[in-house]
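Secondary and tertiary structure notes
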Amino acid sequence: MAPAPDPPVPTSLKNVLVKFVLEIIKENIGNDELYDFGIKFFTEAKKKRKKARESWWLYGKLSAVEDQIEYDLDDDESIPLHDSPSSEEEHPFPDVQNPGALKQRRQSVRAEVYDPAKAQAITVPSYPKTNEEVERLMRMAPKIFVLRALDHDALRKVIDALKRVDVFEKQDIITQGDEVANDFYIVDRGVFEAFVTNQSGGKRRVQVYNNEGAFGELALMYNQPRAATVTAMTDGRLWALDRQTFRVLVLNTAFQKREGYMKMLAQVDLFQELKNYERQKLADALMPRVYKKGQKIISQGDQADGMYFVESGEVVLKKMVDGETKELGRTGPGGYFGERALITNQPRAATVFASGTHYETKLAFLDKEAFERLLGPCIDIMKRNEARYQKQVDDLFGPAHSVHRS
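Residues numbered from 1 in each chain as written. Predicted model: local features only at pLDDT ≥ 70, side-chain atom pairs only at ≥ 80, totals over all residues. Heavy atoms only, no water.

With that settled, the discussion passes to the sheet that holds strand β8 (residues 236-242). Reading across from one edge, β1-β8-β3-β6 is the order of the four strands in this open sheet, with antiparallel pairing throughout. Each having just a single partner strand, β1 (163-167) and β6 (214-215) make up the two edges of the open sheet. Judged from the two bridges that link them, strand β3 (residues 183-189) and β6 form a sheet pairing that is antiparallel. Of the residues in β6, the one forming a bridge with I186 is A214. Along the sheet face, helix α4 (residues 131-140) touches β1, β3 and β8 and points at about 105° away from the line of β3. (Pairing = 2+ DSSP bridges. Helix = DSSP H or I, 4+ residues; strand = E, 2+ residues; numbered from the N terminus. Contact = heavy atoms within 4.5 Å. Axes fitted to C-alpha atoms, helices over the stretch in contact; angles between N-to-C directions.)

This is how it looks when you write it as C-alpha cells:
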C-alpha cells in the first residue's frame, strides 16, 4: 500500500519559515543558539501580528502593516470575542470565510471599501430611551473597545440609535456562518455564551458575556460571515446597532478622529522621529478628553496613568513648593504634558488645569501601556528635554528643588 502523500504546506506558513531561515542566516545563528533564537523570533512575530490587528482593525488594512505575520503560530489560541480596553489579549474576533476552519490559516481581513462621504448621506435612526437607560449606556460604553474612541457627542448619537432587544433563554442571537450580518450588540443584562464549531462538528465555548460586553462588530465592518454562534443562556436584554448606522456613527467618526489626530501630531516636533505608520498607530490609540475652563486635569503627587496632547484650547501647569504655588507655564495646540512621570515612574510633579481663558480645552489621552509600546523612539528626546523643564523650576523656586514635568 502506497504511503499517503504529505499534506500541502500553506503558502503563508512557507512565507513565515522563509523569513525565519533568512533571519538565522542574517544573524549567523549557531546550532546551540537555534532554539532560543526560534522562541524569540516567533514570540516577536506573534506580538507584531497582535499589534497590527489592534491598530488597523477599523479600516481593514491588516495586510498593509509592515512585516505582518500571516500564519497563526498557536493552534490552541482561543478566538478573543470580548471587546475590552482592560486587556491587550482581548480584541475583536475575526470573521472567517470558512467558519469551520478555525484551525486553518486565517487570511488577512479584506474590508469593503469604506467611503466616509457616502456614509454621511445615510439617515441615522433614533429610538426613545429613559434617562436611566441613557445613563447606564454612557457608563457601559468606555468598556467597549469599538466605542471608546468616540467623544461625548458622537457617543450620544450612537446611544440614540441603539434599539432595545429583549431575548429569551436558549435563543441564538447570531449564528456561525451566517453571511448576512445586520447588527452589532451590546449586552445590557443576562448571560450569553459564544461557541465555535470545527470541521468535525465539535463545539467549543470561546467566550462568556456576563451582564456586560459586546459582540458582532467585525461582520459589520468586513464582508465576512459570522465567526461564532452567540446564545442567550438566560433571559436578557441587548442593545442593537444596525450595520449602516454602525458604519456611519462608529467607522466614520473613527475615520475623522484619525484624520484630526494625524494633523495634530504633525504639529508635534517630538514625532518627527516616527514613521508615518507609527504616527497612524499612535493616532488610533489616542482617546478624546474634554475639560471645561478651570477644570483640573491632573494633580501634583498623583500616580501617572498616561500623557496628554493639546488639541485645542490651553492648559496651565502649576507647582506647589513649601506652601507656595507658582505657574510653570502654559501649553496650547500641538503641546503635550504628563510624559515625564511615565518615563521616571515618579508621581506627578505638577498640577495641570484647563485654562480659564477658553470655554473648553480638548485633549487627546495616551494611556501608559500605549505610551510604552508606541513611543519608544521618542523617549530619548523626552529625556533630553528634561533639562529645560528643570531650568523652569530653578528660575521660579531656586536650584534646590527638583522636578519632573507632570
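Here the focus is the packing of helix α7 (residues 243-266) against helix α8 (residues 276-285). As a packed pair, α7 and α8 sit with axes 9 Å apart at the nearest point and diverge in direction by 120°. As summarised for this structure, α7 and α8 are arranged oblique, according to the angle between their axes. Seen from above, α7 lies across α8 with right-handed handedness. For the pair α7 and α8, the contacting residues are K257, R258, Y261, M262 and L265 in the first and N276, R279, Q280, L282, A283 and D284 in the second. Taken together, the residues of the contact of α7 with α8 break down into five nonpolar, two polar and four charged. (Parallel < 35°, antiparallel > 145°, perpendicular 65-115°, else oblique. Left-handed = near helix turned anticlockwise from the far one by under 90°. Nonpolar A, V, L, I, M, F, W, Y, C, P; charged D, E, K, R; others polar.)

So, about helix α5 (residues 152-161). Turning to α5, its buried residues are A154, L155, V158, I159 and A161. In an axial view of α5, the angular spread of the buried residues amounts to 165°, which keeps them on one side of the axis. Along α5, the residues that are exposed and aim more than 90 degrees away from the buried face are H152, D153 and K157. Contact partners of the buried residues in α5: α4, β1, β8 and α7. The N-cap residue of α5 is D151: its side-chain oxygen and the backbone nitrogen of D153 are 3.3 Å apart. (Buried < 20%, exposed > 50% of the residue type's maximum accessible area, 1.4 Å probe, protein only. Arc of directions from axis to C-beta. Polar contact = N/O pair within 3.5 Å; in protein donor to acceptor, adjacent residues only side chain to side chain.)

On their own, these measurements won't tell you what the molecule is for.
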